[in-house]
Amino acid sequence: MSARTLFDKIWDAHVVLRRDDGLCLLYIDRHYFHEGSFHAFNQIAARGLPIRRPDLTFGFGDHYAPTLARSLDGVADPEIRGIIGTFERNVAAHRLTAFRLADPDQGIVHVAAPELGLTLPGMTVVCGDSHTSSHGALGALAFGIGASEVAHVFATQTIWQAKPKQMLVRFEGTPAPGVTAKDMVLALIARIGTGGAIGHAVEFAGEAIRALPVEGRLTICNMTIEAGARTGMVAPDETTFAWLAGRRYAPPAPDPRWRELFTDPGARFDAEVVIDTGTLSPMATWGTSPEEAAPITGRVPRAAEAPDAARAAAWARSLAYMGLEGGEAFADIPLDVVFLGSCTNARLPDLRAAAEVLKGRRVRVPMIVSPGSEAVRRAAEAEGLDRIFAEAGAEWRHAGCSLCAAMNGDIVGPRRRCASTSNRNFPGRQGREARTHLVSPRSAAASAVAGRLVPAEAL
Amino acid sequence: MEPITRFEGLAAPLALDNVDTDQIIPARFLRKPRDADYQRWLFHDLRFAPDGSPLPGFVLNRPPFDAATILVAGRNFGVGSSREAAVYALQAFGIRAVIAESFGDIHYSNALKNGLLPIRLPPERVRALREAAEGGGLRLTVDLERCVVASPDGAEDPFAVPAFARDCLLRGLDEIGLTLTHLPEIEAFEARHAV
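The rules behind the values
Residues numbered from 1 in each chain as written. Chains lettered and ligands numbered in written order. Predicted model: local features only at pLDDT ≥ 70, side-chain atom pairs only at ≥ 80, totals over all residues. Heavy atoms only, no water. Helix = DSSP H or I, 4+ residues; strand = E, 2+ residues; numbered from the N terminus. Rg over C-alpha atoms; globule rule 2.2 N^0.38 Å. Buried < 20%, exposed > 50% of the residue type's maximum accessible area, 1.4 Å probe, protein only. Areas by Shrake-Rupley, 256 points an atom, 1.4 Å probe, with all protein chains shown as cover. Axes fitted to C-alpha atoms, helices over the stretch in contact; angles between N-to-C directions. Parallel < 35°, antiparallel > 145°, perpendicular 65-115°, else oblique. Left-handed = near helix turned anticlockwise from the far one by under 90°. Contact = heavy atoms within 4.5 Å. Nonpolar A, V, L, I, M, F, W, Y, C, P; charged D, E, K, R; others polar. Pairing = 2+ DSSP bridges. Buried area = accessible area lost by both parts, 1.4 Å probe. Salt bridge = Lys/Arg side-chain N within 4 Å of Asp/Glu carboxyl O. Domains from an automatic or database assignment. Core = buried A, V, L, I, M, F, W, Y, C linked by side-chain atoms within 4.5 Å.

Here's the deal with the overall build of chain B
On a plain count of helices and strands, chain B comes out with 8 helices and 7 strands. A compact globule built from 195 residues would reach a C-alpha radius of gyration of about 16 Å, and chain B, at 18 Å, matches this within 12%. C-alpha extents for chain B along the principal axes are approximately 60 × 45 × 25 Å. By the burial criterion, 59% of the 195 residues in chain B qualify as buried. Per element, the accessible surface of chain B, about 7700 Å² overall, is 51% carbon and sulfur.

A few points about the packing of helix 11 (residues 348-358) of chain A against helix 15 (residues 441-450) of chain A
Residue and element names in this part refer to chain A. Following both chains from N to C, one finds helix 11 and helix 15 inclined at 30 degrees, their axes separated by 8 Å at the closest point. As far as their axial angle goes, helix 15 and helix 11 are roughly parallel. You can see that helix 11 and helix 15 cross each other, and the crossing is right-handed. Across the interface between the two elements, D350, A353, A354, V357 and L358 from helix 11 touch P441, R442, A445, A446 and V449 from helix 15. Of the residues that constitute the contact of helix 11 with helix 15, the class distribution is 8 nonpolar, no polar and 2 charged.

Quick word on the pairing of strand 2 (residues 24-27) of chain A
Residue and element names in this part refer to chain A. Going residue by residue along strand 2, you find C24 and L26 tucked away on one face and L25 and Y27 tucked away on the opposite face as well. Two strands pair when backbone bridges link them, and strand 1 (residues 15-18) and strand 2 are joined in this way by 3 bridges, in the antiparallel orientation. Bridging from a neighbouring strand, L17 pairs with L25 of strand 2. Here strand 1 folds back onto strand 2 in antiparallel fashion, the turn holding 5 residues, of which G22 has a positive phi close to 95 degrees.

With respect to the interface of chain B and chain A
The interface is formed by 54 residues belonging to chain B together with 63 residues belonging to chain A. Buried area between chain B and chain A, summed over both chains or domains, comes out near 4600 Å², and the portion from carbon and sulfur atoms is 57%. Taken together, the connections running from chain B to chain A amount to 7 salt bridges. One salt bridge connects R53 of chain A with E190 of chain B, and the closest N-O pair in it is separated by 3.2 Å.

Some thoughts on unusual backbone geometry
That bond from P63 of chain B to P64 of chain B is cis: its omega, 0 degrees, falls within 30 degrees of zero. In this fold, P64 of chain B is placed in the loop between helix 2 (44-47) and strand 2 (70-72). Within the chain, Q157 of chain A stands out as a residue other than glycine whose phi angle is a positive 60 degrees. With respect to the secondary-structure elements, Q157 of chain A resides in the loop between helix 5 (147-156) and strand 8 (158-161). With a phi close to 55 degrees, C147 of chain B is a non-glycine residue in the positive phi region. Relative accessible area serves as the criterion here: at 12%, C147 of chain B is assigned to the buried category.

What to know about the domain arrangement of chain A
All names here are of chain A. By domain assignment, chain A separates into domain 1 (6-161), domain 2 (165-237 + 247-279) and domain 3 (295-458). Each of domain 1 and domain 2 has a C-alpha centre, and these two points are 23 Å apart. Residue-level contacts link 34 residues of domain 1 with 29 residues of domain 2. When the two sides are added together, the surface that domain 1 and domain 2 hide from each other amounts to roughly 2600 Å², 59% of it contributed by carbon and sulfur. The three residues of domain 1 that bury the most area against domain 2 are L6, K9 and A137, which together make up 25% of that side's buried surface. Between domain 1 and domain 2 we count 3 salt bridges in total. Here K9 makes a salt bridge to D264, at a shortest N to O gap of 2.9 Å.

Details of the sheet that holds strand 6 (residues 148-150) of chain B
Residues and elements named next belong to chain B. One open sheet accounts for 7 strands, arranged 4-3-2-1-5-6-7; its pairing is mixed. The strands lining the two open edges of the sheet, one partner per strand, are strand 4 (117-120) and strand 7 (156-158). Neighbour to neighbour, the strand axes of the sheet diverge by 25 degrees on average, direction disregarded. Pairing of strand 1 (residues 6-13) with strand 5 (residues 139-143), which is carried by 5 bridges, proceeds in the antiparallel orientation. For L10, the partnering residue across the bridge sits in strand 5 and is R139. Contacting strand 1, strand 2, strand 3 (97-100), strand 5 and strand 7, helix 5 (residues 123-133) runs over the sheet at an angle of about 80 degrees to strand 1.

Some words on the pattern of salt bridges
Tallied over the full model, the rule gives 44 salt bridges over all chains. Residues D143 of chain B and R6 of chain B are paired through a salt bridge, measuring 3.7 Å at the closest nitrogen-oxygen approach. Here R6 of chain B lies in strand 1 and D143 of chain B lies in strand 5, a separation of 137 residues in the sequence. You can call D143 of chain B buried: its relative accessible area is 7%. Judged by its relative accessible area of 56%, R6 of chain B falls in the exposed class. In this structure, D45 of chain B engages R28 of chain B in a salt bridge whose closest nitrogen and oxygen atoms are separated by 2.6 Å. Of the two residues, D45 of chain B sits in helix 2 while R28 of chain B sits in the loop between helix 1 (21-24) and helix 2, which places them 17 residues apart along the sequence. Bridged by salt links that share partners, the residues R52, R53 and D55 of chain A together with E190 of chain B form one connected network.

Focus: the nonpolar core
The nonpolar side chains of soluble globular proteins are, as a tendency, buried together. Core analysis: the biggest nonpolar cluster contains 120 residues, and F389 of chain A together with F43, L71, F77, L90 and I99 of chain B have the highest contact counts within it. Take this core: its biggest share by element is 7 residues, from helix 3 (residues 85-93) of chain B. Mapping this core onto the domain boundaries places at least three of its residues in each of domain 1 (6-161) and domain 3 (295-458) of chain A. Not counting the four nearest positions on each side in its chain, L90 of chain B is found in contact with I24, L42, F43, L71, F77, I95, V98, H107 and L116 of chain B. Ranked by size, the runner-up nonpolar core spans 84 residues in total, among them W11, A113, V150 and F241 of chain A.

Pasting the structure below:
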């Protein structure tokens with residue numbers, strides 16, 4: 001057989017049938033759903049169809065989960081109560097395994113499912129959420145789907161897919177101290193643009209990826225969608241196998257087939273991007289698209305500096321929304337609130353990185369810390385991280401999508417400015433007229449202490 | 001689903017790149033049931049002031065564009081969140097096709113599943129059609145059988161649609177029903193595939 005990519009190998013192993021036009025019916029090994037999947041449950045109910053493989057289907061209560069308490073008592077909005085209730089009813093009606101609000105293993109699907117060992121190398125994974133690309137960090141082929149596709153997977157355990165083009169992103173070299181996975185992926189998106197990988201599946205490789213722990217790889221694969229690609233993945237290695245060992249749903253020893261999951265020498269990619277990781281700095285976004293990012297040690301660009309007229313108009317629009325003129329130093333931009341959380345950056349090493357910066361310091365602006373899962377919360381408490389956050393004046397909450405998706409009632413507020421470890425700075429993402437600056441957990445902590453956008457090194 | 005073959009309609013220009021699905025429908029409306037009036041939430045924060053009054057500057061608030069059925073956008077339309085409600089909102093408003101240089105992959109697929117046609121055209125043609133639409137009199141014909149967008153001046157822009165999706169749309173087929181006819185192949189696959 002000719003040289004194949006990691007993507008090819010997993011794809012080929014899941015083709016149920018192939019049409020003459022190349023479209024394939026792919027088998028799905030793991031299907032995750034959340035409260036927002038109610039449209040798909042309604043679609044199969046309308047057809048009277050059962051869920052074909054309830055044993056491969058797992059629910060997570062995350063998008064609408066309250067982060068102040070673990071019950072519906074504090075949830076005032078009747079629609080939010082209703083949607084959580086609908087989730088519970090669907091789980092019960094189909095006898096599904098689900099990690100509900102009160103479950104000790106509840107968490108954001110893209111944090112909790114890998115943590116439970118549900119996502120394994122070589123699997124196909126889908127979920128009705130665009131950040132499903134995260135799971136590729138374990139060497140799985142994972143992508144987000146819409147409600148109609150969720151209904152299709154419920155009913156058939158398969159999905160029709162045209163094989164995408166493939167892109168290799170190599171992070172060569174070693175990052176400078178203080179440059180994290182979040183900074184690496186923001187730098188990539190700033191370089192190739194928010195549409196830079198549309199139509200592609202991305203494999204991340206190179207020395208700097210190999211050196212990352214699984215959590216860092218999850219951060220990078222998570223934000224692949226912000227570069228336009230549905231799928232991001234990293235070939236599994238000893239780091240992956242060691243990380244999976246002992247997790248509840250993972251096999252006791254690595255499956256020997258996992259060691260065949262790598263891109264063969266000579267395999268072809270449609271596009272290749274090489275990043276010299278050693279040249280990167282901690283990043284922050286200044287605009288309303290994740291591609292509008294720059295080193296946090298520098299200044300916000302002016303619209304007139306845009307590479308073309310179309311971008312100049314877009315930049316001017318972004319700056320106006322963000323309440324910025326262009327040209328100001330990030331370090332001069334005052335913040336109203338800081339959010340440490342989300343499926344991008346709320347795993348244990350993220351919380352440790354932030355706590356290390358906060359230790360012995362006080363925050364100047366309110367800071368909300370929402371661990372990615374209840375397991376992360378417990379592990380952080382066992383290490384005393386919650387006390388460091390509390391002593392610094394940050395608020396220690398429960399797990400959920402919270403201020404990343406702004407669906408559960410947590411919002412930033414109009415024209416208020418938030419440094420956030422989440423993944424999207426779109427207009428209105430953290431509530432109407434909210435202004436979001438995406439940063440790493442270290443920079444978020446430092447910015448909370450300074451009350452302005454700064455890297456940890458500036459304190 | 002009703003079969004789609006050919007339709008004609010007024011084009012509205014939306015001269016913005018990177019229109020993400022959070023802008024198409026903000027997150028706080030995603031908890032609404034499917035039978036709710038989704039058109040109210042289309043581009044909500046671009047269309048309505050915080051007090052609920054329509055913003056006159058937004059294209060879909062200005063006649064005749066409030067009756068547009070074809071949207072001519074820019075680059076990377078529908079990037080971001082996988083929310084299918086973005087498609088529900090566009091369709092509820094009456095939009096039947098979106099013409100753009102490129103689309104977010106998940107939104108593109110969501111649109112096709114619901115019979116909203118995402119039409120990719122080259123940048124110079126998207127720009128030309130958007131500029132032509134600005135006067136408020138551009139009526140385009142979208143022909144899914146021939147895969148062309150026909151302009152009143154006689155210009156025809158060919159576009160590509162995945163063959164299977166096109167077939168489903170032209171015949172109004174239900175994809176789940178169709179896949180279930182392949183149940184024997186799925187079962188055979190399961191028999192040899194250990195998860």
